[in-house]
Structures are given as C-alpha cells and as structure tokens.
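# Observations on the model geometry
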Amino acid sequence: MYLPSDPVVLVSVINTRLRDFYDSLSALCDAEDIDCDELLEKLSAAGYHYEESQNQFR
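Residues numbered from 1 in each chain as written. Predicted model: local features only at pLDDT ≥ 70, side-chain atom pairs only at ≥ 80, totals over all residues. Heavy atoms only, no water.

Together, D35, D37, E38 and E41 make up a negatively charged patch on the protein surface. Along the chain, E38 turns up in helix α3 (residues 36–45). Classification of E38 by relative accessible area gives exposed; the value is 54%. (Patch = residues over 30% accessible without salt bridge, like charges linked within 9 Å, V, L, I, M, F, W, Y side chains within 5 Å. Areas by Shrake-Rupley, 256 points an atom, 1.4 Å probe, with all protein chains shown as cover. Salt bridge = Lys/Arg side-chain N within 4 Å of Asp/Glu carboxyl O. Lys, Arg positive; Asp, Glu negative; His and termini not counted. Charge placed at Lys NZ, Arg CZ, Asp CG, Glu CD. Helix = DSSP H or I, 4+ residues; strand = E, 2+ residues; numbered from the N terminus. Buried < 20%, exposed > 50% of the residue type's maximum accessible area, 1.4 Å probe, protein only.)

A few words on the packing of helix α1 (residues 7–21) against α3. At a minimum axis separation of 10 Å, α1 and α3 run at an interaxial angle of 130°. By the angle between their axes, α1 is oblique relative to α3. Read as a crossing pair, α1 and α3 show a hand that is left-handed. Contact with α1, carried on its side by P7, L10, V11 and I14, involves L39, K42 and L43 of α3 and no other residues of that element. (Axes fitted to C-alpha atoms, helices over the stretch in contact; angles between N-to-C directions. Parallel < 35°, antiparallel > 145°, perpendicular 65-115°, else oblique. Left-handed = near helix turned anticlockwise from the far one by under 90°. Contact = heavy atoms within 4.5 Å.)

Next comes the structure, spelled out in structure tokens:
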C-alpha cells in the first residue's frame, strides 16, 4: 500500500481504511504489509495517537 508522506493525508487514509475495512490496526498492517511500528512512530511525531477502543487515530 502506498503511504502518503504528509501526516494529515496519511492519518486520513489510515482512518478511512480502518473504518471501512479493518477491525484493528494490526489487521490493517498485516493485510496491507505496513510496518506498524514505523506507522505509529510517524503519526505519533505528528501528534496523532491510535485509540484502540475507537479503532482510529486522533
């Protein structure tokens, strides 16, 4: 999966995929071959954190 470099666009893409297709971040990362730690680090640096109970980054 292509991941945008802009963090605002990236969080939008990831949250949309989580909402529409996956019930967890790990399921998304496994299915889309995304390095979950790298994704978390990139979004955390931009001020976003994964809310497991809501299955989205905020």
